[in-house]
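# Coordinate analysis (summary)
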Protein chains: 2
Amino acid sequence: MNKSLPRIAILGGTGKEGPGLALRWAYVGYPIIIGSRQADKARLVAEELNQQLGIDTITGQENGDAARSADICILTVVQTAHQQALEGIKEDLQGKILVDATARVDFRDPHPPSPPSAARHAQNLLGPGVRVVAAFQNVPAHSLKKNLGSSLDTDVLVCADDPAAAEVVIHLANASGMRAYYAGGLDNAVTVEGLTSLLISMNKYYGTKTASIGITGIDLPRG
Amino acid sequence: MNKSLPRIAILGGTGKEGPGLALRWAYVGYPIIIGSRQADKARLVAEELNQQLGIDTITGQENGDAARSADICILTVVQTAHQQALEGIKEDLQGKILVDATARVDFRDPHPPSPPSAARHAQNLLGPGVRVVAAFQNVPAHSLKKNLGSSLDTDVLVCADDPAAAEVVIHLANASGMRAYYAGGLDNAVTVEGLTSLLISMNKYYGTKTASIGITGIDLPRG
């Protein structure tokens with residue numbers, strides 16, 4: 001663990017996406033807090049991830065406690081839990097960056113969502129004291145957990161009204177082996193949310209599991 | 001010109017996107033009809049394109065006549081002209097594939113559109129006798145016109161309720177140097193439409209003009 005790195009809380013971090021993100025950042029030295037509605041469950045998942053990496057720097061806390069302890073918070077709940085999760089930690093998030101990774105899709109009946117985006121909804125609910133950034137909605141969970149030190153063959157579209165907050169998240173994505181691009185304000189995030197349905201359709205049609213989005217035509221150094 | 005290839009009408013084909021698509025397909029032997037509300041304008045653009053390629057296989061006709069003469073029709077009008085264009089050629093399109101390439105974005109105030117997609121709207125308006133396919137909404141017009149025989153560094157997401165119709169369009173995209181993927185039904189096209197706003201945001205932020213979307217994680221042979 002590198003003590004100069006920001007502390008990252010992964011709220012709702014016991015689901016499918018959260019542990020994979022936790023592993024990637026813990027692997028490169030970030031202090032990680034797994035958040036859950038139940039502190040016991042959070043600690044259990046944190047302990048499993050520590051064992052997997054042979055480290056002891058991942059801790060588990062109740063979501064609100066995790067948010068208060070962290071510099072940057074990542075919300076990885078499912079769509080149906082989104083509003084309730086945000087209402088429960090609104091005060092704990094003030095002054096921080098909240099990265100909303102909510103995949104807004106019904107896997108039984110996938111179709112693109114209507115505006116506003118989940119992240120716009122979060123920003124409206126949390127108020128101007130929280131800088132909301134939308135990112136990581138489409139990163140395949142099972143890809144995150146493999147080859148932790150290697151680059152992922154997926155690009156992250158980062159939407160935020162505050163480009164400086166987006167750049168913090170782009171840096172985090174780069175640190176975990178993902179190329180990331182600033183893709184405009186929070187309203188644009190509804191299109192990133194909609195990509196989930198397209199990727200599901202493509203995987204079904206082509207018999208794959210790893211369809212993902214890439215960006216071409218912009219030369220970025222790999223972070 | 002290869003007489004065994006289907007005849008392609010590019011309706012509203014005198015704008016920014018149409019001539020580039022016409023050049024690519026004419027270059028590889030497809031017979032092309034440029035359609036316009038004004039037959040004179042269509043013929044003028046057709047003649048310019050013929051001269052550019054040193055051929056005489058591109059013709060120009062009024063939109064309805066062009067649609068009736070063609071096997072496959074591509075609609076490349078701007079969003080504001082979409083409904084009126086469709087109403088004018090509804091009968092001419094019966095029994096054919098209509099590829100809707102409408103970029104549904106206000107370039108002065110880009111933001112993702114709400115469902116339904118332009119292509120779903122087209123399908124509802126045209127009825128079940130026309131097989132609507134959504135494709136080519138995000139292909140940069142100025143990339144189309146360069147290096148006609150070379151592959152483009154852009155992927156085309158093809159949405160259609162009828163996958164067989166989508167495969168016809170995937171084949172057309174491949175023939176013109178673009179990789180293309182079936183990305184689900186017409187409702188999914190609203191997300192492809194929304195990508196235009198993201199690409200505009202990315203080009204503005206990174207000072208580029210060629211930001212485009214690629215698909216990773218699916219192995220396709222280049223067509």
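This one's a predicted model, so the numbers in the text were calculated from it and none came from an experiment.

## A short note on the packing of helix α1 (residues 18-27) of chain A against helix α2 (residues 39-53) of chain A
The description of two packed helices rests on the angle between their axes and on the distance between the axes. All names here are of chain A. Two elements in contact, α1 and α2, have axes separated by 11 Å at closest approach and are oriented at 45°. Viewed along their axes, α1 and α2 adopt a mutual orientation that is oblique. Crossing of α1 against α2: the hand is right-handed. On α2, the residues touching Pro19, Ala22, Leu23, Ala26 and Tyr27 of α1 are Val45, Leu49, Gln52 and Leu53. The residue makeup of the contact of α1 with α2, split by class, is eight nonpolar, one polar and no charged.

## Focus: the relation of the copies chain B and chain A
Superposing chain B onto chain A requires a rotation of 180° together with a translation of 0.0 Å along the rotation axis, leaving an RMSD of 0.0 Å. What the superposition gives is, in effect, a two-fold axis relating one chain to the other. It is Gly214 of chain B whose C-alpha, among those of chain B, lies nearest the rotation axis, at 2.3 Å. Of the residues that chain B buries at the interface, 100% are likewise interface residues in chain A, meaning the two copies contact each other through the same surface.

## Quick notes on the sheet that holds strand β5 (residues 97-100) of chain B
All names here are of chain B. In space, the eight strands of this open sheet follow the order β3-β2-β1-β4-β5-β6-β7-β8, with mixed pairing throughout. Across the chains shown, the open sheet's two edge strands, defined by having one partner strand only, are β3 (58-62) and β8 (179-182). Neighbour-to-neighbour, the strand axes of this sheet turn through a mean angle of 25°, independent of strand direction. Looking at chain direction, β5 and strand β6 (residues 131-134) are connected through four bridges and run parallel. Across the sheet, Asp100 pairs through a bridge with Ala134, a residue of β6. Where helix α5 (residues 118-126) meets the sheet, it contacts β5 and β6, and its direction lies at approximately 170° from that of β6. Each of β1 (8-11), β4 (72-75), β5, β6, β7 (155-160) and β8 is contacted by helix α7 (residues 163-175), which is oriented at about 170° to β8, the strand it contacts most.

## What about the pairing of strand β1 (residues 8-11) of chain A?
Residue and element names in this part refer to chain A. Side chains Ile8 and Ile10 project from β1 onto one buried face, and the interleaved Ala9 and Leu11 project onto a second face that is buried too. Where β1 meets strand β2 (residues 32-36), three bridges bridge the pair, whose relative direction is parallel. Looking at the pairing, Ile8 lines up with Ile32 of β2. Running through α1, the crossover from β1 to the neighbouring parallel element β2 is right-handed. Relative to strand β4 (residues 72-75), β1 is paired through four bridges, and the arrangement is parallel. Counterpart to Ala9 in the pairing with β4 is Cys73.

## Details of the packing of aromatic side chains
Tallied over the full model, the rule gives eight aromatic pairs over all chains. A ring pair is formed by Trp25 of chain A and Phe136 of chain A, whose centres lie 5.5 Å apart and whose planes are at 80°; its orientation type is edge-to-face. Separated by 111 residues along the polypeptide, Trp25 of chain A in helix α1 and Phe136 of chain A in the loop between β6 (131-134) and α6 (141-144) bring together distant segments of the chain. Its relative accessible area of 0% is what places Trp25 of chain A among the buried residues. Overall, the relative accessible area of 1% leaves Phe136 of chain A in the buried class. When the centroid spacing of 5.0 Å and the interplanar angle of 90° are considered together, the rings of Tyr205 of chain A and Tyr206 of chain A count as edge-to-face. A relative accessible area of 31% means that Tyr205 of chain A is categorised as partly exposed. Judged by relative accessible area, which is 22%, Tyr206 of chain A ranks as partly exposed. One aromatic cluster in this structure is built from Tyr181 and Tyr182 of chain A together with Tyr205 and Tyr206 of chain B.

Reading guide: rules and limits
- Residues numbered from 1 in each chain as written.
- Chains lettered and ligands numbered in written order.
- Predicted model: local features only at pLDDT ≥ 70, side-chain atom pairs only at ≥ 80, totals over all residues.
- Heavy atoms only, no water.
- Axes fitted to C-alpha atoms, helices over the stretch in contact; angles between N-to-C directions.
- Helix = DSSP H or I, 4+ residues; strand = E, 2+ residues; numbered from the N terminus.
- Parallel < 35°, antiparallel > 145°, perpendicular 65-115°, else oblique.
- Left-handed = near helix turned anticlockwise from the far one by under 90°.
- Contact = heavy atoms within 4.5 Å.
- Nonpolar A, V, L, I, M, F, W, Y, C, P; charged D, E, K, R; others polar.
- Least-squares fit on C-alpha atoms with pLDDT ≥ 70 in both.
- Pairing = 2+ DSSP bridges.
- Buried < 20%, exposed > 50% of the residue type's maximum accessible area, 1.4 Å probe, protein only.
- Right-handed = clockwise from strand over helix to strand, strands pointing away.
- Phe/Tyr/Trp six-rings, centres within 6.5 Å; stacked < 30°, edge-to-face > 60°.

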